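Structural features, examined
Here are the chains, one letter per residue:
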Amino acid sequence: ILNVEQSPQSLHVQEGDSTNFTCSFPSSNFYALHWYRWETAKSPEALFVMTLNGDEKKKGRISATLNTKEGYSYLYIKGSQPEDSATYLCAPSPSSASKIIFGSGTRLSIRP
Amino acid sequence: GAGVSQTPSNKVTEKGKYVELRCDPISGHTALYWYRQSLGQGPEFLIYFQGTGAADDSGLPNDRFFAVRPEGSVSTLKIQRTERGDSAVYLCASSLSPGTGETQYFGPGTRLLVL
């Protein structure tokens, strides 16, 4: 079973500032890393899937990097906007299964 | 196109009762997943279907929980003799094909409250 840790648990950021948060996971028994954004009362939205060490993905103002050798991924948000307020979930997949194992998430709040 | 839908959106029941939660996956998606999210935690895997069969049910907490997908599309999660600890958001997701690198698309969840 993968032990997934996300930090910080919550974050308050001024509108316009950039921010980042971390996901760490065991580097063994790893196949893919998913990032999701979950806004209150909505469905979790898929942001990225990454599999290769050194992968970098970008979607608008949001980007992510992956280090499979040391077992971590960073999510970056540039120029935060109020609509970025959500819980960001990191979810690695073990190589032996199709299920994904979620971390507890980082709850991001953007102050206007 | 239509995303994953789940019904009901909210369910309140009494301890000991039986409940069914329904999931309609994205059309053509062969893989279907159920997760449960308790307050303050990330979603926790329950069961995964490939077609009609349960490929991995290792996350079901006990034998009160059961899920079916008889025609390889709609799935129903069934909980017998509900307990207060079953209160959670139950999420369903589907993917085009199985595989750990496939994106899973989630529904809005069913919020279950057991009194």
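See the structure shown above.
The present account deals with the structure reproduced in this document.

**Here's the deal with the overall build of chain B**
Looking only at helices and strands, chain B features zero helices and 11 strands. In chain B, the order of α-helices and β-strands from amino to carboxyl end is β-β-β-β-β-β-β-β-β-β-β. In summary, chain B has a C-alpha radius of gyration of 13 Å against a globular reference of 13 Å for 115 residues, a match within 12%. By its C-alpha atoms, chain B is 35 × 25 × 25 Å across when sized along the principal axes.

**Observations concerning the nonpolar core**
Across soluble globular proteins, nonpolar side chains show a tendency to be buried alongside one another. Grouped together as the largest cluster of nonpolar side chains are 23 residues, with contacts concentrated most on A:Phe21, A:Leu33, A:Trp35, A:Leu75, A:Tyr88 and A:Leu108. At the level of elements, β2 (10-14), β3 (19-24), β4 (32-38), β5 (45-50), β7 (62-67), β8 (72-77), β9 (86-93) and β10 (106-111) of chain A are the ones that each hand at least two residues to this core. Every residue in contact with A:Leu33, bar those within four places of it in the chain, is listed here: A:Cys23, A:Phe25, A:Phe48, A:Val49, A:Met50, A:Leu66, A:Ser73, A:Cys90, A:Ala91 and A:Pro92. In terms of nonpolar packing, the next biggest core, distinct from the first, is built from 20 residues, B:Val19, B:Leu21, B:Cys92 and B:Val114 among them.

**Comments concerning the interface of chain B and chain A**
Taken together, the 23 residues of chain B in the interface contact 21 residues of chain A. Here chain B and chain A share an interface that buries about 1,700 Å² over both sides, 61% of which is from carbon and sulfur atoms. Between the two partners, chain B and chain A, sit one salt bridge. B:Asp56 serves as the salt-bridge partner of A:Lys99, at 4.0 Å between the closest nitrogen and oxygen. Between the two partners, chain B and chain A, sit five residue pairs in polar contact (both at pLDDT 80 or more). Going through the elements one at a time, β4 (31-37) and β5 (44-50) of chain B are the ones with two or more residues in the side of chain B that touches chain A. Element by element, the count of residues in the side of chain B that touches chain A is highest for β4(B), at three residues. Looking at side-chain class alone, the side of chain B that touches chain A contains nine nonpolar, 11 polar and three charged residues.

**Thoughts on the pattern of salt bridges**
Where charged atoms of side chains with opposite charge meet at close range, the side chains can pair. All chains considered together, the criterion is met by nine salt bridges over all chains. For A:Asp84, the salt bridge goes to A:Arg61, with nearest N and O atoms at 2.8 Å. With A:Asp84 in the loop between β8 and β9 and A:Arg61 in the loop between β6 (56-59) and β7, the pair connects residues that are 23 residues apart, well separated along the chain. Overall, A:Asp84 belongs to the buried group, its relative accessible area being 2%. With its nearest N and O atoms 2.9 Å apart, the salt bridge here joins B:Asp24 to B:Arg22. Classification of B:Asp24 by relative accessible area gives partly exposed; the value is 22%.

**As for a nonpolar patch on the surface**
Residues and elements named next belong to chain B. A cluster of nonpolar side chains, Val12, Leu113 and Leu115, forms an exposed patch at the surface whose accessible area comes to about 270 Å². One can find Leu113 in strand β11 (residues 110-114). On the basis of relative accessibility, which here comes to 39%, the residue Leu113 falls in the partly exposed class.

**A look at the packing of aromatic side chains**
Throughout the structure, instances matching the rule amount to 13 aromatic pairs over all chains. With 5.9 Å between their ring centres and 75° between their planes, B:Tyr35 and B:Phe45 make a pair best called edge-to-face. Placement of B:Tyr35 in strand β4 and of B:Phe45 in strand β5 is noted, with a sequence separation of 10 residues between them. Arranged with centres 5.5 Å apart and planes meeting at 45°, the rings of B:Tyr35 and B:Phe106 form a pair that is tilted. Of this pair, B:Tyr35 sits in strand β4 while B:Phe106 sits in strand β10 (residues 105-106); the two residues are 71 residues apart in sequence, bridging distant segments of the chain. Comparing B:Tyr35 with B:Phe106 shows no difference in burial state: the two are buried. Chaining the aromatic ring pairs together yields one cluster made of A:Tyr36, A:Phe102, B:Tyr33, B:Tyr35, B:Phe45, B:Tyr48 and B:Phe106.

What counts and what doesn't
- Residues numbered from 1 in each chain as written.
- Chains lettered and ligands numbered in written order.
- Predicted model: local features only at pLDDT ≥ 70, side-chain atom pairs only at ≥ 80, totals over all residues.
- Heavy atoms only, no water.
- Helix = DSSP H or I, 4+ residues; strand = E, 2+ residues; numbered from the N terminus.
- Rg over C-alpha atoms; globule rule 2.2 N^0.38 Å.
- Core = buried A, V, L, I, M, F, W, Y, C linked by side-chain atoms within 4.5 Å.
- Buried < 20%, exposed > 50% of the residue type's maximum accessible area, 1.4 Å probe, protein only.
- Contact = heavy atoms within 4.5 Å.
- Buried area = accessible area lost by both parts, 1.4 Å probe.
- Salt bridge = Lys/Arg side-chain N within 4 Å of Asp/Glu carboxyl O.
- Polar contact = N/O pair within 3.5 Å; in protein donor to acceptor, adjacent residues only side chain to side chain.
- Nonpolar A, V, L, I, M, F, W, Y, C, P; charged D, E, K, R; others polar.
- Patch = residues over 30% accessible without salt bridge, like charges linked within 9 Å, V, L, I, M, F, W, Y side chains within 5 Å.
- Areas by Shrake-Rupley, 256 points an atom, 1.4 Å probe, with all protein chains shown as cover.
- Phe/Tyr/Trp six-rings, centres within 6.5 Å; stacked < 30°, edge-to-face > 60°.

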